[in-house]
Amino acid sequence: MADSREPRAAVEAELDPVEYTLRKRLPHRLPRRPNDIYVNMKTDFKAQLARCQRLLDGGGRGQGACAEIYIHGLGLAINRAINIALQLQAGSFGALQVAANTSTVELVDELEPDTDAREPLTRIRNNSAIHIRVFRVTPK
């Protein structure tokens, strides 16, 4: 069995796509707060934008308006997260500001054998992430 910390070339050479099925596990998430938005590529852009706007305006989950929201994007969804934050800022006429932080997230893939002759393997890879704080500024 190949250890998950072996060099990538050694693991890739041992894998046969016919014999293994790739299962991507969900990434570890930050604690889910009411003002956290996790952006993905499957949900419609306008729906995600409307959800963020609703949270900022005070229509989210029976609560008042949030003073700030956090938009999280992983991998391919980074561009969409940035675009949502910029759309919110442009539509607020200067009432909202953004602050972005980037990070690297460790993801785990499971390789399940199609036959019982082989053992399951795990592969660890890194992916980029962005965390954007969108907050109201007090007028001067």
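Worth saying up front: this structure is predicted, and the values here are computed from it rather than measured. (Residues numbered from 1 in each chain as written. Predicted model: local features only at pLDDT ≥ 70, side-chain atom pairs only at ≥ 80, totals over all residues. Heavy atoms only, no water.)

1. Here's the deal with the overall build of the chain
- Counting its secondary structure elements, the chain contains 3 helices and 5 strands.
- If you list the helices and strands of the chain from N to C, you get α-β-β-α-β-α-β-β.
- The burial tally for the chain puts 29% of its 140 residues in the buried class.
- Within the chain, residue pairs in contact and separated by at least 24 positions form 71% of the contacts whose partners lie at least 6 positions apart.
- Taken as a whole, the chain presents about 9,200 Å² of accessible surface, with 52% of it coming from carbon and sulfur. (Helix = DSSP H or I, 4+ residues; strand = E, 2+ residues; numbered from the N terminus. Buried < 20%, exposed > 50% of the residue type's maximum accessible area, 1.4 Å probe, protein only. Contact = heavy atoms within 4.5 Å. Areas by Shrake-Rupley, 256 points an atom, 1.4 Å probe, with all protein chains shown as cover.)

2. Some details on helix 2 (residues 45-57)
- With 13 residues, helix 2 extends 18 Å from end C-alpha to end C-alpha; this agrees with the ideal 18 Å at 1.5 Å per step.
- Within the sequence span of helix 2, burial applies to Gln48, Cys52, Leu55 and Leu56. What you see down the axis of helix 2 is that its buried residues fit within an arc of 100°, all on one side. Opposite its buried face, helix 2 presents the exposed residues Lys46 and Asp57, each directed more than 90 degrees away.
- In this structure, the buried side of helix 2 is in contact with strand 2 (36-39), strand 3 (68-74), helix 3 (78-91), strand 4 (96-113) and strand 5 (121-136). (Expected span 1.5 Å × (residues − 1). Arc of directions from axis to C-beta.)

3. As for the packing of aromatic side chains
- Under the criterion given, the structure shown has 0 aromatic pairs.
- One Lys or Arg, Arg33, reaches over the ring of Tyr70 and ends 4.9 Å from the middle of that ring.
- Over the aromatic face of Phe135 sits the side chain of Arg133, whose NZ or CZ is 4.1 Å from the ring centroid. (Phe/Tyr/Trp six-rings, centres within 6.5 Å; stacked < 30°, edge-to-face > 60°. Lys NZ or Arg CZ within 6 Å of the ring centre and 35° of its normal.)

4. Points about the nonpolar core
- Formed by 18 residues in total, the largest nonpolar core has its most connected members in Val39, Cys52, Ile69, Ile71, Leu88, Ile132 and Val134.
- At the level of elements, strand 2, helix 2, strand 3, helix 3 and strand 5 are the ones that each hand at least two residues to this core.
- At 5 residues, the largest contribution of residues to this core is made by helix 3.
- Contacts of Val39, omitting those with residues within four sequence positions, involve Gln48, Ile71, His72, Gly73, Ala77, Arg80, Ala81 and Ile84. (Core = buried A, V, L, I, M, F, W, Y, C linked by side-chain atoms within 4.5 Å.)

5. Quick look at the environment of Glu19
- Among the structural elements, Glu19 can be located in the loop between helix 1 (8-14) and strand 1 (20-24).
- Of the residues examined, Glu19 reaches a relative accessible area of 26% and is grouped as partly exposed.
- Counting along the chain gives 96 residues from Glu19 to Thr115, while the straight-line C-alpha distance between them is 6.9 Å.
- Filtering out sequence-adjacent residues up to four positions away, Glu19 remains in contact with Glu112, Pro113, Asp114, Thr115 and Arg118.

6. A look at the pairing of strand 2
- By the alternation rule, side chains of strand 2 split into Asp36 and Tyr38 and Ile37 and Val39, which are all buried.
- Note: strand 2 against strand 3, 4 bridges, orientation parallel. Across the sheet, residue Val39 finds its bridge partner in strand 3, namely Gly73. (Pairing = 2+ DSSP bridges.)

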